Amino acid sequence: MPKKTFKTLLFVCLLCLYFTGAAQVNWTNDGDSYFKLENNELRTYTLPDHEAKTVISKTQLTPEGHSEPLEVAHFSFSSDQQKILLFTNTQRVWRLNTKGDYWVFDFKTNTLKQLGKNLPSASLMFAKFSPDGNKIAYVSGNNLYSENYESGAIQALTTNGTVSLINGTFDWAYEEEFFCRDGFRWSPDSKSIAYWQIDAGDIKKFYMINNTEEIYSQLVPLEYPKVGETPSVCRVGVVALSDAKTKWMEVPGDPAQNYLVRMEYIPGTNELLLQQLNRKQNQSTLYIADASNGNTKSIHQESDEAWVDMFQVGNPYAIDYTNGFSFLDKNKNILWASEKDGWRHLYQVSLEGKPEMLITKGEFDVIDLKHINTKEGFVYYLASPDNATQKYLYRSRLNGKGKNELVSPESLKGTHDYSFSSNGTYAEHTFSNHHTPRAKEFIKVVNHKALTEKESILAKLGELEEKPTAEFFTITTADNIEMDGWMVKPTDFDPSKKYPIVFYVYTEPAGTTVNDAYNVGRNWFYKGNMADDGYIYISLDNRGTPAPKGREWRKSIYRKIGVVNIRDQAMAAREILKWDFVDSERVAVWGHSGGGSATLNLMFKHPDIYKTGISLAAVANQLTYDNIYQERYMGLPQENREDFIAGSPVTHAGKLEGNLLYIHGTGDDNVHYQNAELLINELIKHNKQFQFMPYPNRSHGFSEGEGTWEHLSTMYTNYLKLHCPPGGR
């Protein structure tokens with residue numbers, strides 16, 4: 001089913017940098033400085049005084065024969081940081097700009113050189129240096145290449161790549177649901193490359209139609225595995241640079257009924273560590289594969305009655321995101337996250353068959369891994385044992401002894417994030433809450449003190465803080481489910497009056513909406529200020545959302561999307577409608593993607609509560625969405641089709657009583673426009689009147705086309721005001 005709301009609204013503002021998360025800092029190897037692109041120049045800032053130095057000037061970034069410097073979107077270094085890869089002229093692939101041109105700047109020779117000159121322009125993906133710094137590998141046209149830096153000679157390591165046979169990168173479903181994009185790894189000795197190969201040849205094509213570019217319509221094909229359809233075949237091979245021959249790893253199981261979601265070389269060896277998920281994603285197996293002969297052995301297994309959650313480390317929306325393994329104890333162990341005791345905790349898992357070791361302990365969830373300091377014996381991570389809407393930095397000893405320690409200042413209540421230097425001495429710290437804009441400082445980790453008084457968040461907190469507009473609350477439903485929520489009241493709130501209420505929903509396992517971060521109560525689609533106009537604006541997180549409230553909270557939605565989440569939302573709304581200042585006759589709900597689906601289900605199943613709904617890019621029929629997401633949370637339709645039907649809005653469309661505005665892009669490659677027509681047909685069948693707005697060739701985020709955002713927000717606002725008039729009465 002649909003994706004995270006902040007994922008699909010990426011074009012708006014990346015939702016305040018992943019709810020105020022810090023963008024990854026490009027630290028130097030010694031950890032005492034960091035790199036930064038500014039005004040088409042690359043600079044270093046040395047700590048603690050932030051001493052600036054230009055390391056690549058505009059002149060140096062200007063290719064021979066060009067008058068302007070390169071516009072660099074991203075950069076990465078060779079292991080010795082003597083060469084730098086510059087990513088330019090980027091183009092979008094599915095969701096992110098991961099295709100473009102690459103240049104190498106050599107600090108020793110002061111030269112700038114373009115890679116892949118005989119390959120199509122803007123076709124290179126995921127270029128990276130070999131460990132010895134002499135070669136660069138990249139993907140182009142779904143084939144893997146190696147280029148000799150000195151000679152410029154390009155070697156094709158695969159030649160069979162097509163639209164559906166994909167080497168070194170991934171198909172739509174793997175990228176969308178596992179965040180797999182960069183699909184190859186250099187061997188430690190720089191002599192070979194391990195890579196994923198996806199064979200989507202048997203995946204049926206879904207056709208979108210472009211009616212606006214030409215007089216005759218054009219079909220836009222997409223290999224898209226719908227729920228219940230066999231997944232793409234996936235395997236991992238190791239290609240030797242000496243002869244460009246690939247040795248395939250012999251991973252047990254049918255490759256069309258399992259997923260390979262992680263793969264890394266074990267440092268200093270010729271062995272690969274791979275993670276396999278079965279099709280239902282309720283069993284995870286770790287294998288060690290001998291890269292020379294392809295032999296594999298299982299070293300760790302884990303299962304769950306619902307699904308095994310892949311622990312995402314870092315920001316999966318970064319173009320260079322790689323969800324790899326964290327190796328410990330001279331590469332004999334890895335850091336592993338598991339919910340086996342009911343909470344997401346960190347463990348040390350042995351690669352040699354020794355017993356695993358629990359590191360973090362207690363009734364709380366580890367939210368994100370931030371840093372491992374093996375020298376001091378600590379792991380740093382985000383958690384929030386007492387408030388699921390917030391995030392704080394904690395640390396625990398890698399040996400599992402001692403207590404979990406809070407590192408973030410207790411006085412800064414809200415959402416924290418950190419980017420640690422390579423040596424763990426420094427970190428960039430970001431903070432915000434619902435009434436404090438995102439602020440950042442560089443700190444010394446040992447005492448969490450800002451390096452300078454000028455940048456200290458604590459010192460300038462009084463200047464940063466604003467008058468709160470959102471207030472957080474909890475509400476307990478008739479089912480005894482306690483839910484977190486936030487509320488923005490009208491600016492001139494008068495408790496003796498009754499006000500219209502607008503619920504913002506997402507409700508699914510891919511995202512939360514109740515986060516104590518700046519702008520949390522802002523409605524991006526509404527033109528103007530909802531509070532000034534006299535609306536109560538509310539959002540609630542139900543069971544099944546990925547809040548740090550334990551396994552049972554998150555996985556109670558298994559096989560019940562469209563049922564458990566909808567009941568929780570409706571039961572919470574019933575309690576809220578009992579408040580004296582809420583007008584129960586003016587109740588609206590809206591959402592995008594998964595929130596669009598929830599909006600439809602709430603309107604159809606609970607017409608006595610919700611009078612007006614605005615649904616964007618919704619999955620109307622769960623059987624139309626992709627197999628990786630839908631099967632993870634709902635099972636296989638061949639086994640429990642009734643659950644898919646019960647949770648699908650189209651099943652209940654005949655119960656519509658209120659005012660519905662439904663919006664969908666005809667070029668949506670994520671939630672297909674097919675959903676709109678299925679829903680429309682059902683509403684017509686039952687003579688249900690509604691308003692519908694299709695956006696030609698717009699994708700899931702409605703980001704394309706001149707005037708789209710202005711038109712969409714105007715329509716959204718006008719519809720809400722017409723059918724759910726603002727103001728106290």
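Residues numbered from 1 in each chain as written. Predicted model: local features only at pLDDT ≥ 70, side-chain atom pairs only at ≥ 80, totals over all residues. Heavy atoms only, no water.

Going by what an unreviewed UniProt entry lists, the chain is known as DPP IV N-terminal domain-containing protein and is assigned to Robiginitalea aurantiaca.

1. Let's talk about the overall build of the chain
Across its full length, the chain holds 12 helices and 43 strands. Scaling as 2.2 N^0.38, a compact globule of 729 residues should have a C-alpha radius of gyration of about 27 Å, and the chain matches this with 26 Å. With the C-alpha coordinates of the chain rotated into their principal frame, the extents come out at 75 × 60 × 60 Å. A burial count over the chain gives 59% of its 729 residues as buried. Summarising the internal contacts of the chain: among those between residues at least 6 apart in sequence, 61% fall at separations of at least 24. Here the chain has roughly 29100 Å² of accessible surface; of this, 46% comes from carbon and sulfur atoms. Averaging the positions of the 76 positive and the 89 negative side-chain charges in the chain gives two centres separated by 2 Å. (Helix = DSSP H or I, 4+ residues; strand = E, 2+ residues; numbered from the N terminus. Rg over C-alpha atoms; globule rule 2.2 N^0.38 Å. Buried < 20%, exposed > 50% of the residue type's maximum accessible area, 1.4 Å probe, protein only. Contact = heavy atoms within 4.5 Å. Areas by Shrake-Rupley, 256 points an atom, 1.4 Å probe, with all protein chains shown as cover. Lys, Arg positive; Asp, Glu negative; His and termini not counted. Charge placed at Lys NZ, Arg CZ, Asp CG, Glu CD.)

2. Quick word on helix α10 (residues 637-647)
When α10 is considered as a whole, its buried residues turn out to be Pro 637, Asn 640, Asp 643, Phe 644 and Gly 647. All buried residues of α10 lie within an arc of 130° about the axis, which places them on one face of the element. At its buried positions, α10 is contacted by α8 (594-605) and α9 (627-634). (Arc of directions from axis to C-beta.)

3. Focus: the packing of aromatic side chains
Here the structure, examined in full by the defined rule, presents 43 aromatic pairs. Ring geometry for Tyr 380 versus Phe 420: centroids 5.1 Å apart, planes at 45°, classification tilted. Of this pair, Tyr 380 sits in strand β29 (residues 378-383) while Phe 420 sits in strand β32 (residues 415-420); the two residues are 40 residues apart in sequence, bridging distant segments of the chain. For the pair Tyr 380 and Phe 420, a shared accessibility class is recorded, and that class is buried. Of the aromatic side chains, those joined through ring pairs into one cluster are Trp 172, Tyr 224, Trp 307, Tyr 558, Tyr 625, Tyr 629 and Tyr 633. Positioned above the aromatic ring of Tyr 149 is the side chain of Lys 113, whose terminal nitrogen or guanidinium carbon lies 5.0 Å from the ring centre. One cation-aromatic arrangement involves Arg 395 over Phe 378; the distance from NZ or CZ to the ring centre is 3.7 Å. (Phe/Tyr/Trp six-rings, centres within 6.5 Å; stacked < 30°, edge-to-face > 60°. Lys NZ or Arg CZ within 6 Å of the ring centre and 35° of its normal.)

4. Notes on the state of the cysteines
In protein structure, a disulfide is the covalent linkage between the sulfur atoms of two cysteines. Throughout the structure, instances matching the rule amount to zero disulfides. Unpaired in this structure, Cys 180 has its nearest cysteine sulfur neighbour in Cys 234, at a distance of 8.1 Å. Assessed through its relative accessible area of 4%, Cys 234 is described here as buried. (Disulfide = S-S within 2.5 Å.)

5. Structural notes on the environment of Leu 577
You can see Leu 577 is positioned in the loop between α7 (564-576) and β40 (582-592). The exposure class assigned to Leu 577 is buried, which follows from its relative accessible area of 18%. Distance in space between the C-alpha atoms of Leu 577 and Val 587 is 9.0 Å, their sequence separation being 10 residues. For Leu 577, the contacting residues outside a window of four places in its chain are Ile 501, Val 582, Ser 584, Val 587 and Ile 609.

6. Points about the layout of surface pockets
The computed volume of the second largest pocket comes to approximately 650 Å³. Lining the second largest pocket we find 26 residues, and of these Thr 469, Val 488, Gly 521, Asn 529 and Ala 531 sit closest to its centre. Within the residue set of the lining of the second largest pocket, elements represented by two or more residues are β36 (470-476) and α5 (530-533). With three residues, the single largest contributor to the lining of the second largest pocket is α5. Here the lining of the second largest pocket is built from residues that sort into 11 nonpolar, nine polar and six charged. (1 Å grid on protein atoms, 1.4 Å probe; cavity = no way out; pocket = protein on both sides within 12 Å on 5 of 7 lines; lining within 4 Å. Points joined across faces, edges and corners; volume = space filled by probe spheres on them. Nonpolar A, V, L, I, M, F, W, Y, C, P; charged D, E, K, R; others polar.)

7. Observations regarding the nonpolar core
If you look at the biggest cluster of nonpolar residues, it comprises 49 residues, and the most contacted ones within it are Tyr 174, Phe 178, Val 236 and Leu 272. Among the secondary structure elements, those contributing two or more residues to this core are α3 (172-178), β15 (192-199), β16 (205-210), β18 (233-240), β20 (258-265), β21 (271-278), β22 (283-290) and α9. Ranked by residue count, the leading element in this core is β20, at five residues. Sequence-distant contacts of Tyr 174, defined by excluding residues within four places in its chain, comprise Phe 179, Cys 180, Ile 198, Cys 234, Asn 258, Tyr 259, Leu 260 and Ile 628. (Core = buried A, V, L, I, M, F, W, Y, C linked by side-chain atoms within 4.5 Å.)

8. Considering the sheet that holds strand β4 (residues 51-56)
As summarised here, the arrangement of the four strands in space is β1-β2-β3-β4, forming an open sheet in which the pairing is antiparallel. Two strands in the sheet have a free side with no partner beyond their single neighbour: β1 (26-27) and β4. Sheet topology places strand β2 (residues 33-38) next to strand β3 (residues 41-46); six bridges connect them, and they run antiparallel. Residue pairing for β3: Lys 36 is matched across the bridge by Arg 43. (Pairing = 2+ DSSP bridges.)

9. Let's talk about unusual backbone geometry
Each neighbour pair has its own omega, and for Leu 47 with Pro 48 the value is 15°, a cis peptide bond. Mapped onto the elements, Pro 48 comes out in the loop between β3 and β4. Even without being glycine, Asn 480 reaches a positive phi, approximately 65°. Relative to the helices and strands, Asn 480 is located in the loop between β36 and β37 (482-488).

10. Quick look at the sheet that holds strand β33 (residues 426-433)
Read from one edge of the open sheet, four strands run β32-β33-β34-β35, paired in antiparallel fashion. A strand with exactly one partner marks an edge of an open sheet, and here the two such strands are β32 and β35 (449-450). Summarising the sheet, β33 and strand β34 (residues 436-444) pair through seven bridges and their orientation is antiparallel. Paired with Phe 431 across the strands is Ala 439, a residue of β34.

11. Concerning empty space enclosed by the protein
Enumeration over the complete set of coordinates arrives at seven cavities of 30 Å³ or more. Taken as a whole, the second largest cavity encloses approximately 90 Å³ of empty space. Taken together, 14 residues line the second largest cavity, and the ones lying closest to its centre are Phe 179, Cys 180, Arg 185, Val 261 and Asn 323. Grouping the amino acids of the lining of the second largest cavity by side-chain chemistry returns eight nonpolar, two polar and four charged.

12. Quick word on the pattern of salt bridges
A complete count under the given rule lists 37 salt bridges for this structure. Across the salt bridge formed by Asp 533 and Lys 721, the nearest N and O atoms sit 3.7 Å from each other. Of the two residues, Asp 533 is situated in helix α5 and Lys 721 in helix α12 (residues 708-723); the sequence distance between them amounts to 188 residues. Looking at Lys 721, the relative accessible area reads 33%, which means it is partly exposed. Members of the salt-bridge network, linked through shared partners, are Asp 304, Asp 309, Glu 339, Arg 344, Asp 365, Arg 551, Glu 552, Arg 554 and Lys 555. (Salt bridge = Lys/Arg side-chain N within 4 Å of Asp/Glu carboxyl O.)

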